[in-house]
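Letter by letter, the chains look like this.
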Amino acid sequence: MHAFVYAHKDPVLEINSLPFLVGSWEELKRVYGTKDSAYSQIMAETLDRLGLKFLGNVAEGFIGVVSTKKPDNHATIGDKGIHIRVWSSQVAKDTTEAIGFKTTTMNWAEVFAAVQSGAVDGAICCTPQATYTFFTQSDVGKYFVPYNAFVEASTYYASKRTWEKLDDMQRAAVQAAVDRAAASFTDWAQANDEGYVGKIKEAGWEVLELSDAERGAIADHIKASVWPAVEELVGKEIVDRLRNDR
């Protein structure tokens, strides 16, 4: 399986939506792309408890907000004056609302139609590449805000029962294929990130940029206001492992 792992089976999996866990592509590649990072180790331990074999992560890049209306105070904490979609994660919802958006939880299959129809003003959902591919080229939306609070990431995993039936050579072949696919996709995403921001602008959208200081101030606020609630949800020891993995 290659999919985003939601937390309905184990609250520890809310680490998939931990805001501002990483702040650069270098950190992203280390945390999501190596097996010995605290994040990967926690994912492996948690999936193992669920009868699954962790094989690796794919990090597609940092996500931002797509919207049809210009949000107020986009670069600071405070009421944004618009209503956007958030995925099924209490942590993601708390984070998005702490930044200043009103939110509605919605699965991905409904997002495009909801933004297109005006049921919501936008969504926190997409890397620059996905924004351009799904929304800009379809002329749905006008603004993109690269908050980079979350990483668009997914996980490769398998049934542990099936995995244990494979011999060593088969396991090695599957693992090698996953490692190659994950690394090549993340490298491709990084190489194309700035290019897609340029394409979004060329299409007539306004990219509402944030300086490093502005994004850092938002990150500090979220870590102070949202991370303590995450500790209560997943356990302080889990969050400390992630926090100290630097």
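Here the structure is a predicted model, which means the values were calculated and not measured. (Residues numbered from 1 in each chain as written. Predicted model: local features only at pLDDT ≥ 70, side-chain atom pairs only at ≥ 80, totals over all residues. Heavy atoms only, no water.)

Considering helix α4 (residues 108-117)
Among all positions of α4, only Val-111, Ala-114 and Val-115 are buried. Around the axis of α4, the buried residues are gathered within 95° of arc, so they sit on the same side. Away from its buried face, by an angle of more than 90 degrees, α4 presents the exposed residues Ala-109, Gln-116 and Ser-117. Those residues of α4 that are buried lie in contact with β4 (83-86), β6 (122-126) and α5 (128-136). The opening residue of α4 is Asn-107, an N-cap whose side-chain oxygen sits 3.1 Å from the backbone nitrogen of Ala-109. Among the residues trailing α4, Gly-118 stands out with phi positive, at a value near 90°. (Buried < 20%, exposed > 50% of the residue type's maximum accessible area, 1.4 Å probe, protein only. Helix = DSSP H or I, 4+ residues; strand = E, 2+ residues; numbered from the N terminus. Arc of directions from axis to C-beta. Contact = heavy atoms within 4.5 Å. Polar contact = N/O pair within 3.5 Å; in protein donor to acceptor, adjacent residues only side chain to side chain.)

Thoughts on the packing of aromatic side chains
This structure, assessed with the given rule, holds nine aromatic pairs. Seen in terms of ring centroids, Trp-25 and Phe-62 are 5.9 Å apart; in terms of plane orientation they differ by 90°. Their pairing is edge-to-face. Of this pair, Trp-25 sits in helix α1 (residues 25-33) while Phe-62 sits in strand β2 (residues 52-62), placing them 37 residues apart in sequence. In this structure Trp-25 comes out as buried when scored by relative accessible area, which is 14%. A relative accessible area of 8% means that Phe-62 is categorised as buried. For the ring pair Phe-185 and Trp-188, a centre distance of 5.8 Å and an interplane angle of 45° mean the geometry is tilted. Taken together, the residues Phe-185 and Trp-188, both in helix α7 (residues 168-202) and three residues apart, mark about one turn of the helix. For Phe-185, a relative accessible area of 34% corresponds to the partly exposed category. Residue placement shows Lys-80 over the ring face of Phe-101; its charged tip is 5.9 Å from the ring centre. Above the ring of Trp-227, the side-chain terminus of Lys-223 is found at 5.5 Å from the ring centroid. (Phe/Tyr/Trp six-rings, centres within 6.5 Å; stacked < 30°, edge-to-face > 60°. Lys NZ or Arg CZ within 6 Å of the ring centre and 35° of its normal.)

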